[in-house]
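What follows is each chain in one-letter form.
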Amino acid sequence: MRIRTYSLIVAAAALCSCSVEEGTVADVIPAPASVELSEGCYSHKPWSDIVYREDSSLGPEAYRLEVGQEGVVIASSDAAGRFYARQTLAMAAGVSEQKLDRRFWKVGFCKVEDSPRFPYRGMMLDVSRHFFGKDFIFKHLDAMAAVKLNRLHLHLTDSEGWRFPSESYPELNRTGAYRDKEPVFGGWTHCEPGTEGAYGGSFTRKDIKEIVEYADARHITVIPEIEMPGHSAEVLAAYPDLRCDSETRSGDLCPGKEETFSLIFSVLDEVMELFPSEYIHIGGDEVTHKSWATCSDCARRIAEEGLESPKDLQGYLVRRVEEYVRSKGRKVIGWDEILGDGLSSDAAVMSWRGVDPGLEAVAQGRRVIMAPGTFCYFDTAQDFPEKERPTFGNYLPINQVYSFDPAAGASDPSLVMGVQANLWTELVDSGDYAEYLLWPRGFALAEVAWSQPSVKDRDDFRRRATALAREMKDRGYGMFDLESELGERLEATEPQDHLAKGAKVYFAEGVKWTDSYAAGGEGALTDGLCGGWAYKDGKWQGFLCDVCFMIDLEEPKPVSSISLLSMQNRVHGIYLPESLKISLSYDGTSFEPVGVLRPQADTEALGAKFFDFSISGGEPTPVRYIVIDARRGPKGGFLFFDEVIVR
Ligand code: ACM
Ligand code: ZN
């Protein structure tokens, strides 16, 4: 239940006379489960007390908050509930939680009953691709706590740099932690610290202890990730003996060598000593398996273990590592590739390749954390990508994050532990920019994670998010400006009606879209559905060849314009056509070329670029057949089209 009486707030504001502005719990993110506002406001002074009560009938992290004539009363059954009540009050009052007791503030009378929808409310920070030190993390933990997020997953290791302090394998923190150049895309190699231009670093044990302690004081669990067996080029740079003997420079550890397990177990011992979290993340994604098929150590292991193929070595490694972690009283989380690896029911899956792996995990009776790229990858632009800095993924607006329901479609919603946003940092080279990508989208994540769907309200959320973004910006956080958001491509927001809608498309021989970017297949280019700013929105059709096709309008129609949008996204190998020729025919026998269009494309540009190939003007011409002939440039790659709009 959520009762709002805004008119009373206005009346109450008029009654309060001191200079501090009155706040209201109606402005809080994430929206509480139940809010009752009433007339009047309480003025807090640094010498007045907040009363705390224990109420064992309340669940974990839940709280009741009452603000009335007599002051503030907070009830909870645990310290987390008390902390979240204080966060609600602090956000309403416009002060930070740490300063709540020491400041003058005013909050309208209210009664709040609140509890989280999900126990796991997370953010992942990749500190490998770019290294973010403890001061950034402290600041980030403050922001997370303010919106009741409670899991910080640190992606501590990846090919670009090892950041976990290991005493047993010290070379990991030397060669493994430094690369000779800062940029990630650009042919770097690992090097020793002190090498000219070297970029990198790692946490010290003291840093980790301080981070864990700081997080714990904010009811946040830090979940460490040690990535394996893929994404491990930095381990192989530090300890080349762990390469397969058929080395292909794949970045995969050799699961045939016993030394690989010695390193993993030893490092995990150190990790479990420093991080008290129930779960330890062991990665498991995007293993190439390239070197395993031709390595004699891998071959021996396959024979000894009776495995069917080199790929099965992944399951072998992950099962062995899980067993080790379980023997220490902990549990593992892995990226969703681990789903087929035969792990115990204790292992949790982090669903990143969409929601389907998560739903499959739940169907198998396994716990899952939803972190699908389509809703939760924050290494994406929050707005029209050409206006933003280049990002690895290309577009994820706040509304899309807000629309996510992590338990939708789950056969047993109780197995959905929660939701997590991931910030990969290949192209994120500063704390300020990391925050810019995290917020205010992180507010939407927080409301998805904490609030019941019945209290979510997109327009009201936007009002609250705009105000909170301003406040956090004033506190020094990098922040995307919601007020200047351009939003999704308008044509992509509803089906477009035009002369070619529904017309048959005939592709030239050998021209076929790729399965990964099918966009509905045969009629995709005339189905009235325009692609948006995201290359993976399911409306862009992708081709790994020159693209020549003919559209048959079935009868001559008066045509005055033809337009066709294409996109470039170099990070994903998508390029604008070098040329695009349009020819028209009345009868299907004689075709008249009406234009050869060439975009001014910078093929080195990292970010997304869009180009509208269009011809228009003059008197409408009767046309039945339209032929489009798009040619790739020297870089090859994908060509992307969404819709041929004919008017
Ligand atoms: C991932 O994004 N490779 C987990
Ligand atoms: Zn091997």
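Computed from a predicted structure; not experimentally measured.

## Regarding the overall build of the protein chain
The helix and strand inventory of the protein chain stands at 14 helices and 25 strands. Whereas a compact globule of 647 residues would reach a radius of gyration of roughly 26 Å, the protein chain reaches 28 Å, a difference of no more than 12%. Taken across its 647 residues, the protein chain has 58% of its residues classed as buried. In the protein chain, the share of contacts with a sequence separation of at least 24, taken over all contacts with a separation of at least 6, comes to 72%. Total accessible area computed for the protein chain in this model is approximately 25,800 Å², and 49% of it derives from carbon and sulfur atoms.

## What about the packing of aromatic side chains?
With the rule as written, the count across this model stands at 34 aromatic pairs. Judged by centre distance (4.3 Å) and plane angle (15°), the rings of Tyr402 and Phe461 are stacked. Of the two residues, Tyr402 sits in helix α11 (residues 398-402) while Phe461 sits in helix α14 (residues 458-474), which places them 59 residues apart along the sequence. With respect to class, Tyr402 is no different from Phe461; both count as buried. Among the aromatic residues, those joined into a cluster by ring pairs are Phe384, Tyr517, Trp533, Tyr535, Trp540, Phe610, Phe638 and Phe640.

## Some points on the coordination of the zinc ion (ligand 2)
In this structure, Cys244 (SG), Cys254 (SG), Cys295 (SG) and Cys298 (SG) serve as the protein donors to the zinc ion (ligand 2), at separations of 2.3 Å. Taken together, the 4 donor atoms coordinating the zinc ion (ligand 2) span angles of 107 to 114° at the metal, a pattern that classifies the geometry as tetrahedral. Mapping the donors of the zinc ion (ligand 2) onto the primary sequence gives the spacing C-x9-C-x40-C-x2-C. In this pair, Cys254 sits in the loop between α5 (233-238) and α6 (258-274) while Cys295 sits in the loop between β14 (279-283) and α7 (296-305), placing the two residues 41 residues apart along the sequence.

## Section: the pairing of strand β15 (residues 331-335)
For β15, the buried fraction is high: 5 of the 5 residues fall into the buried class. Of the two faces of β15, the one holding Lys331, Ile333 and Trp335 and the one holding Val332 and Gly334 are both buried throughout. Pairing of β14 with β15 involves 3 bridges; the strand directions are parallel. In the sheet register, Tyr279 faces β15, and the bridge partner there is Lys331.

## Topic: the layout of surface pockets
The volume enclosed by the largest pocket comes to roughly 1,000 Å³. The wall of the largest pocket is formed by 38 residues, among which Gly373, Thr374, Tyr377, Thr380 and Lys536 lie closest to the centre. Breaking the lining of the largest pocket down by element, the ones donating at least two residues are α10 (373-376) and α11. The residue makeup of the lining of the largest pocket, split by class, is 10 nonpolar, 14 polar and 14 charged.

## Remarks on the side chain of Ser159
Its location among the elements puts Ser159 in the loop between β9 (157-158) and β10 (161-162). Residue Ser159 is classed as buried on the basis of its relative accessible area of 13%. Side-chain polar atoms of Ser159 contact the backbone nitrogen of Ala233, separated by 3.1 Å. In this view, Ser159 contacts Trp188, His190, His231, Ser232, Ala233 and Glu234; residues no more than four positions away in its chain are not counted.

## Things to note about the pattern of salt bridges
Applying the stated rule across the entire model yields 45 salt bridges. The residue Glu447 makes a salt bridge to Arg464 at a minimum N-O spacing of 2.9 Å. With Glu447 in helix α13 (residues 441-450) and Arg464 in helix α14, this residue pair connects regions lying 17 residues apart in the sequence. Accessibility assignment for this pair places Glu447 and Arg464 in one class, buried. Through salt bridges with shared partners, one network takes in Asp27, Glu447, Asp460, Arg463 and Arg464.

## Let's talk about the nonpolar core
In terms of nonpolar packing, the biggest core is built from 138 residues, with Ile137, Trp439 and Phe443 touching the most fellow members. The contact partners of Phe443, leaving out residues within four places of it in the chain, are Ile29, Val147, Phe461, Ala465, Leu468, Ala469, Met472 and Met479. Phe549, Ile551, Leu553 and Phe641 belong to the second largest nonpolar core, which has 30 residues in total.

## Some remarks on the sheet that holds β15
Spatial ordering of the closed barrel is given by β7-β8-β13-β14-β15-β16-β17-β18, a layout of 8 strands whose pairing is parallel. Going from strand to strand, the sheet's axes swing by 30° on average, the running direction of each strand aside. In the sheet, strand β7 (residues 120-126) pairs with strand β8 (residues 151-155) via 5 bridges, with the strands oriented parallel. Residue pairing for β8: Leu125 is matched across the bridge by Leu154. Docked against the sheet, helix α3 (residues 134-146) engages β7 and β8, running at close to 150° with respect to β8. Its contacts with the sheet put helix α9 (residues 356-363) on β16 (348-351), β17 (368-370) and β18 (416-423), and the angle it makes with β17 is roughly 160°.

## Comments concerning α7
Inspection of α7 places Asp297, Cys298, Arg301 and Ile302 among the buried residues, and these make up the whole buried set. Along α7, the residues classed as buried sweep out an arc of 140° about the axis, all on the same side. Pointing more than 90 degrees away from the buried face of α7 are the exposed residues Ala303 and Glu304. Taken together, the buried residues of α7 touch α6 and α8 (312-327). A positive phi of about 65° marks Gly306, the residue just after α7.

## Let's talk about empty space enclosed by the protein
For the coordinates displayed, the defined rule picks out 3 cavities of 30 Å³ or more. Approximately 50 Å³ is the volume attributed to the largest cavity. In terms of lining residues, the largest cavity is bounded by Trp162, Ile226, Glu227, Met228, Val235, Leu253, Leu263, Ile264 and Val267. Elements that contribute at least two residues to the lining of the largest cavity include exactly β13 (221-228) and α6.

## Quick notes on the packing of α6 against α8
Following both chains from N to C, one finds α6 and α8 inclined at 35°, their axes separated by 11 Å at the closest point. Seen from above, α6 lies across α8 with right-handed handedness. Residues Glu258, Phe261, Ile264, Phe265, Leu268, Asp269 and Met272 of α6 form the contact with α8, whose participating residues are Tyr316, Leu317, Arg320, Val321, Tyr324 and Val325. For the contact of α6 with α8, the class distribution of residues is 10 nonpolar, no polar and 3 charged.

## Quick look at the environment of Cys545
In this fold, Cys545 is placed in the loop between β20 (541-543) and β21 (547-568). Between the alpha carbons of Cys545 and Trp335 there is a distance of 33 Å; along the sequence they are 210 residues apart. Excluding its chain neighbours within four sequence positions, the residues that come into contact with Cys545 are Gly510, Val511, Lys512, Arg632 and Leu639.

Rules and cut-offs
Residues numbered from 1 in each chain as written. Chains lettered and ligands numbered in written order. Predicted model: local features only at pLDDT ≥ 70, side-chain atom pairs only at ≥ 80, totals over all residues. Heavy atoms only, no water. Helix = DSSP H or I, 4+ residues; strand = E, 2+ residues; numbered from the N terminus. Rg over C-alpha atoms; globule rule 2.2 N^0.38 Å. Buried < 20%, exposed > 50% of the residue type's maximum accessible area, 1.4 Å probe, protein only. Contact = heavy atoms within 4.5 Å. Areas by Shrake-Rupley, 256 points an atom, 1.4 Å probe, with all protein chains shown as cover. Phe/Tyr/Trp six-rings, centres within 6.5 Å; stacked < 30°, edge-to-face > 60°. Donors = N, O, S within 2.8 Å, 3.2 Å for Na, K, Ca; no water. Tetrahedral: all angles 85-135°; square planar, octahedral: opposite > 155°, others 65-115°. Pairing = 2+ DSSP bridges. 1 Å grid on protein atoms, 1.4 Å probe; cavity = no way out; pocket = protein on both sides within 12 Å on 5 of 7 lines; lining within 4 Å. Points joined across faces, edges and corners; volume = space filled by probe spheres on them. Nonpolar A, V, L, I, M, F, W, Y, C, P; charged D, E, K, R; others polar. Polar contact = N/O pair within 3.5 Å; in protein donor to acceptor, adjacent residues only side chain to side chain. Salt bridge = Lys/Arg side-chain N within 4 Å of Asp/Glu carboxyl O. Core = buried A, V, L, I, M, F, W, Y, C linked by side-chain atoms within 4.5 Å. Axes fitted to C-alpha atoms, helices over the stretch in contact; angles between N-to-C directions. Arc of directions from axis to C-beta. Left-handed = near helix turned anticlockwise from the far one by under 90°.

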